[in-house]
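For reference, the chains in residue letters:
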Amino acid sequence: MNKNHRVPSSRSLSAVEVKSKFGAEFRRFSLDRSKPGRFDEFYGLLQHVHRIPNVELLVGYADVHGDLLPINNDDNYHKAISTASPLLRLFLHRKEEADYTTFGTDSLTRKKNTVLSAVLLRPDANKKKPPVIISLPRDFRPVSSIIDVDILPETHRRVRLYKHGQEKPLGFYIRDGSSVRVTPQGLEKVPGIFISRMVPGGLAESTGLLAVNDEVLEVNGIEVAGKSLDQVTDMMIANSHNLIITVKPANQRNNVVRSGGGGGGGAASGSSGRSSDSGASYYGYSSPGGVGAAASMPTHIIQNFPVGEIESDEEDEDLVIEVGGEAEPIRRTGSNYSMPSLPRYEPHLNLRSATTSTLSVNANGTLPASASSGSLSNANATSTTPSPDRAMERRSLEEDGTVITL
Amino acid sequence: MKRFRRHGQESQRDRLKQELFQFNKTVEHGFPHQPSALGYSPSLQLLAIGTRSGAIKLYGAPGVEFMGLHDENAAVTQVHFLPHQVELVTLLDDNSLHMWTLRAHKGLSELLEIGRFTLTGPPGAPPSVTRVTAVLPHSSGELLLLGTEGGHVFIVEVPGFRELEERNISLDQVASSVPDDYIGRRNLEHVEALQENPVNPNQVVIGYGRGLMVVWDLEKQCQLESVWWTEDGGYILSSHSDGSYCRWMVGVDDVNEEEEKSDIPYGHFPCKAIMKIIQLPTEDGPPFLLFSGGMPRASYGDRHCITVIHGKTHVALDFTSRIIDFFVITDGLQQKGDPSALVVLVEEELVVIDLQTEGWPVIQTPYLVPLHSSAITCSHHVSAIPFKLWERISSVGELQNTHYSKKPWPITGGQSLAPDPPQRDLLLTGHEDGTVRFWDASGVCLSPMYKLSTAGVFDTDADPNDNMNQGTEGEWPPFRKVGCFDPYSDDPRLGIQKIHLCKYSGYLTVAGTAGQILVMELNDEAAEQTVEAKVVDLLQGQEGFRWKGHTRLDVREEPVLFPPGFQPFALVQCQPPAVVTALNLHSEWKLVAFGTSHGFGLFDYQQKNNVFVKCTLNPSDQLAMEGPLSRVKSIKKSLRQSFRRIRRSRVSLRKHHVNNAAKLQEANARLEAELAEMELAPVQRKIEARSSDDSFTGLVRTLYFADTFLSDSSHNSPSLWAGTNGGCVFAYMLRLPPVEHRADEPITAHPAKEIQLMHRAPVVGIVVLDGHGAPLPEPLEVAHDLARSPEMQGSHHLLVISEEQFKVFTLPKVSAKMKLKLTAIDGSRVRRVGVAWFGSNRSEDYGESGLVVLTNQGDLHVVSLPSVKLQVQYPCIRKEDVSGIASCVFTKHGQGFYLISPSEFERFSLSTRCLVEPRCLVGAPLHSGPQRRPQTDGISYCHILFAEVLQEIQKSLEGDQT
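This one's a predicted model, so the numbers in the text were calculated from it and none came from an experiment.

1. Some points on the sheet that holds strand 13 (residues 162-163) of chain B
Residues and elements named next belong to chain B.
Next up, step 1: With antiparallel pairing, the 4 strands of this open sheet are ordered in space as 10-11-12-13. Of all the strands in the sheet, the pair left with one neighbour each is strand 10 (132-137) and strand 13.
Next up, step 2: Where strand 10 lies against strand 11 (residues 143-148), 5 bridges are found, and the strand directions are antiparallel. Residue pairing for strand 11: Val135 is matched across the bridge by Leu146.

2. Looking at the sheet that holds strand 58 (residues 830-839) of chain B
Strand pairing in a sheet relies on backbone hydrogen bonds. The paired strands run either parallel or antiparallel.
All names here are of chain B.
Next up, step 1: Pairing in this open sheet of 4 strands is antiparallel, and the strands run 58-59-60-61 from one edge to the other. A strand with exactly one partner marks an edge of an open sheet, and here the two such strands are strand 58 and strand 61 (870-875). Between one strand axis and the next, the sheet turns by 20 degrees as a mean value, whatever way the strands run.

3. Side note on the side chain of Thr133 of chain B
All names here are of chain B.
Next up, step 1: Within the fold, Thr133 resides in strand 10.
Next up, step 2: For Thr133, a relative accessible area of 7% gives the class buried.
Next up, step 3: Engagement of the side chain of Thr133 in a polar contact is seen with the backbone oxygen of Val191, the distance being 2.6 Å.

4. With respect to the packing of aromatic side chains
Next up, step 1: Summed over the entire model, instances satisfying the criterion amount to 26 aromatic pairs over all chains.
Next up, step 2: Taken together, the aromatic side chains of Phe23, Tyr874, Phe890, Tyr898 and Phe908 of chain B make up a single cluster linked through ring pairs.
Next up, step 3: The cationic tip of Arg197 of chain A hangs over the ring face of Tyr173 of chain A; the distance from NZ or CZ to the ring centre is 4.3 Å.
Next up, step 4: We note Lys276 of chain B situated over the ring of Phe326 of chain B; from NZ or CZ to the ring centre the distance is 5.0 Å.

5. Some remarks on the pattern of salt bridges
As a working rule, side chains carrying opposite charge can pair if their charged atoms are close by.
All names here are of chain B.
Next up, step 1: Here the structure, examined in full by the defined rule, presents 36 salt bridges over all chains.
Next up, step 2: As a salt-bridge pair, Glu347 and Arg52 come within 3.1 Å of each other at their nearest N and O atoms. Exposure class is identical for Glu347 and Arg52. Each is buried.
Next up, step 3: We note a salt bridge from Arg437 to Asp433, for which the minimum N-O separation is 4.0 Å.

6. Structural notes on the nonpolar core
Residues and elements named next belong to chain B.
Next up, step 1: Formed by 37 residues in total, the largest nonpolar core has its most connected members in Trp721, Leu798, Leu799 and Phe806.
Next up, step 2: Going through the elements one at a time, strand 50 (700-708), strand 52 (728-735), strand 53 (748-756), strand 54 (763-769), strand 55 (797-802), strand 56 (805-810), strand 57 (816-821) and strand 59 (847-855) are the ones with two or more residues in this core.
Next up, step 3: Ranked by residues supplied to this core, first place goes to strand 54 with 6 residues.
Next up, step 4: Core analysis: the second largest hydrophobic core is formed by 34 residues, Val510, Ala514, Val560 and Phe566 among them.

7. Notes on the environment of Ile747 of chain B
Residues and elements named next belong to chain B.
Next up, step 1: For Ile747, the location among the structural elements is in the loop between strand 52 and strand 53.
Next up, step 2: Residues Ile747 and Asn609, spaced 138 residues apart in sequence, show a C-alpha to C-alpha distance of 9.4 Å.
Next up, step 3: If we skip the residues at most four places from it in the chain, Ile747 touches Leu591, Asp604, Val611, Arg735, Leu736, Pro737 and Arg742.

8. Focus on the confidence of the model for chain B
All names here are of chain B.
Next up, step 1: Overall, the prediction assigns chain B a mean pLDDT of 81, with 82% of residues at 70 or greater.
Next up, step 2: In this model, residues 463-473 is a region of pLDDT below 50 whose contacts with residues beyond four sequence positions or in other chains number 3 contacts.
Next up, step 3: Scored below 50 in pLDDT, residues 629-634 makes 3 contacts in the model with residues more than four places away or belonging to other chains.
Next up, step 4: Both confidence scores are given for the complex: pTM 0.71, ipTM 0.73.

9. Re the domain arrangement of chain A
Next up, step 1: Segmentation of chain A into domains returns domain 1 (15-94) and domain 2 (144-254).
Next up, step 2: Between the C-alpha centres of domain 1 of chain A and domain 2 of chain A the distance comes to 40 Å.

The rules behind these values
- Residues numbered from 1 in each chain as written.
- Chains lettered and ligands numbered in written order.
- Predicted model: local features only at pLDDT ≥ 70, side-chain atom pairs only at ≥ 80, totals over all residues.
- Heavy atoms only, no water.
- Pairing = 2+ DSSP bridges.
- Helix = DSSP H or I, 4+ residues; strand = E, 2+ residues; numbered from the N terminus.
- Axes fitted to C-alpha atoms, helices over the stretch in contact; angles between N-to-C directions.
- Buried < 20%, exposed > 50% of the residue type's maximum accessible area, 1.4 Å probe, protein only.
- Polar contact = N/O pair within 3.5 Å; in protein donor to acceptor, adjacent residues only side chain to side chain.
- Phe/Tyr/Trp six-rings, centres within 6.5 Å; stacked < 30°, edge-to-face > 60°.
- Lys NZ or Arg CZ within 6 Å of the ring centre and 35° of its normal.
- Salt bridge = Lys/Arg side-chain N within 4 Å of Asp/Glu carboxyl O.
- Core = buried A, V, L, I, M, F, W, Y, C linked by side-chain atoms within 4.5 Å.
- Contact = heavy atoms within 4.5 Å.
- pLDDT = per-residue confidence, 0-100.
- Domains from an automatic or database assignment.

So this is what it looks like as structure tokens:
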């Protein structure tokens, strides 16, 4: 905690009157409008005047329109100081208790849920078209997302961790273990890779999407089955700048439950960036052409996030320093090659989704009793919407053909 | 995905791949790890060695070698050739007997297992009854006598392994026919030895563990007594556990025998057992008496000795490791002549001693050379050595071999049908004791050519005269050290870490553990000179660190006499004296680049001047700064020594050493299994992105010289490239003065580029590709008209190989062009990489360059150039075999070597065109009737090849040779 705060020197005309509210307590003090200082100093000052040095705070202020806006970096702090006339009203919350939805337009006057929460989980959309409502402060950088909800079995979860630009460590450990699979021969114990430990404060823990004992099924689209712990470790480290892990969570209670008739259109929109793309749902649920249609479709549709994000220039830039010059990122000139004999990312995803859905059919449809971990949500899904299972069953049969042609 | 590609192109490429690449493990070079049994066939002139891992290897004339592996993973305890046949019998630790034969197939012989057998005793008998302790293949070639732990001798018909129960010699039979006062009340114990009377094949001597010897007549069932029959059949020699041996005269039909002579050769004080004794007559002189062991227990109990006594000459040959077995080769077709050579298999090497030349010199072995006479620390392969350099190296090598016998290799069985190697290849191995050994790696036999020692340049604790303690007058026993296995390095700092030889100029640079870099030149004359050291500070003023590793080596100040061969003329010593991790030599520019964990430097060996130094150390990298604790080494060494001591004491305790060795191995295996189980307890791996703060990011992994376009696309210039552990590539532009001023004008270097790979994986290779996409040729290669000059018109490309990716950049402006990800896709990492040329096996003039890659999973990949696409993949080494993977070295023509044990290189080939493998033929002696024993009247059996075709092949070969 930064205690080295700057004490306002004197009450001058350029002073900003500050009224800060934390719980039921108020504090009043003033700041120099021309020399507001940095946000972290201000933050320290707030903790000092409220005598709450070790409490994580979420700072908000009421702007001229009466909207509650956050203060969490130098920019919006300076904005708040400069627009205060003359009183700056601050509202402090404990970070753990904070309700992010309170921020936004008219949030102080009309309590209304905004789309911000959804936006938070949809970083891709943010990147493409910046939200017009408020600026995206540093705290709101994407740290993780659940993707491909619509093409994965409900028992699986594909999590993307954004390491890029973060100081936080990825912060988790993996181990060997064994899991039970449904095979034609019945239940079988097979070796698997599991998350063994989370580093407190690490990126993985902070997302809340990964947990100890989750089984790792894929790393960036490559199945880990048959690979050693060291191989999987190396794969994860090699992909650490943009790590996408597909897990089977140990706790199956928080799975995303698909709503609506799965057999129809794109109703099962998850939070992936492209979920609104009709092509994805077309592939996912209703491909009437079967094998040919699925295989001949452009790869960017099969894969539910654009190729550019896996292989994006931004993510994989090498730095080159010319003599005496500045460091500049290397620009890509030619096309990107990947191993021809090994599955490329996109077709592999295709294959995976086919096989995993086959597996999920086994788990949900044909062998419901043996699906040990299917639990609550599965039962709900099958009882309320029996049709998707049939649709999926059909699809899986068709796509077995795809598997063979691949 | 295939449907998106054009089919025609794809299948054409697949066909081309088949023409270019194929994977074969071809031949094992070196000395087998943990040999456990030795056998010899005088009629085939073949030597057989069994190992503890169940392998059986046969060697004849150089180039004639066979290998077989038992399915059971058990140690081979005994190997016996069936007399005058191509079959041999092996006894394994698990009490199974195996029959092997050499069968001709398509004009080449193959070693095949044709039968297996486990002795079954009477029902209900304890396993010890059938535990085989001695094997005697009867000279008739039809019987196998098996002595067992229970004291019975079982007789089995071969090759079918049919038990002849009615002919078994049971303990009861023996006990009943031996006078009671010999038997007493005690058990006779196990059968220790079985020997056949060389004159009368019906007489067999059975030696029991308790000391009773029985001569058994297979026909008449009358008994006499004895372990070695003298050649004339008149005497029997027996050796005993107290270090004595007895000579017994055998009365022909007389039941009474008398002890003629009993002797404890190294007597007075208690002696160790004589394990084996042989006596061989000479035509006109005293016989040769040879025995192993028998040393005075207290003073020389730890020596591994074979004593040879011939008339007045008495020598105790002192070997470097435990004696496993020995035999003697005698002159003449019938093996009746004078003893000519003694062949001794000790645990770490094979020693052959010429018994007919004065002083009994050692005959240099053409194969089975102990590669590990000092531990191998690195290796370097140079293909296609120019004839002139080859001649010079072999002639300086011959000067080192004057103490060897001039006689040819005495084991001459079989015919090598392998064609002459297409080129001369050298394999250089660096060793822990500071030596570099040069091996002729052109063909099947990896034979030593020349040995270079760098220790003479430095002042070490070891006194060079230290190990010359032999030849002391009047010493008893009269020891003579033989063998070259000497794993104990006096100073670990001398260890060789990197080697680079320029085959055109004969310049060699070697770098070692204590940051020393020697530049050497081949000189045919001996020369006395002082080597001046140039100390180079790689830290460049970075402060606040303390080097806790070893100190720099002290250089001898007085002039040193260097024998003919490679002689050092320049020495660079890095400060801090860390292990040299990268080394390169450019003989055309006369520059040597070197790197450690702290940085890299460039040395001009013409002006003997350091051009520049770059510190790559991350200031927060404390670990790299401090260096290895030198204590670790000494602990390892002392452990090794104490193990050796334990082993010695075990040797002295054991009576039945092979059995005990097996038990020891069993215990070890159990221990290993337990350890493995302990390791199965949850292991977890941290998932964390690499950062600049990781340890050893500054360690220099690779250095590369290239004449390429670094600043603009119209002017090429010399450059030096360095890659680090932290994924960083540094490029320096070099300015060389014109040739006429090369000696006096300074060379300058300017930093030109620095590339930080985002994935921060260690850079293990850098290659510049010319305008055609081909790797730049080696220095002087073009000047010698051995490569076409590189294409300087098109744009050059830079290929950076990290442990995780292959990445191609454009030059001079560095921008990423294409890449191949390895780790992100299948989780394997690049451990070794080399550039190789692959010729097509269908058209003589087609070939491609490619990258040969060995991953940490032990898989070999070939990656095409310049498109960096994966071509083929073969599993090669077990991924657990870390030292095997680390030791791998590639040739320029798609072959490679890796260590399968500390003493053996496995050779493999990825090329369809370059394949070095043994191709050999062994002729089987033909027998006319059941009486196979040659009679004393001199009618010898014939060496007749079993097929006329083969005979013709042999003739044509012999014709070629003459």
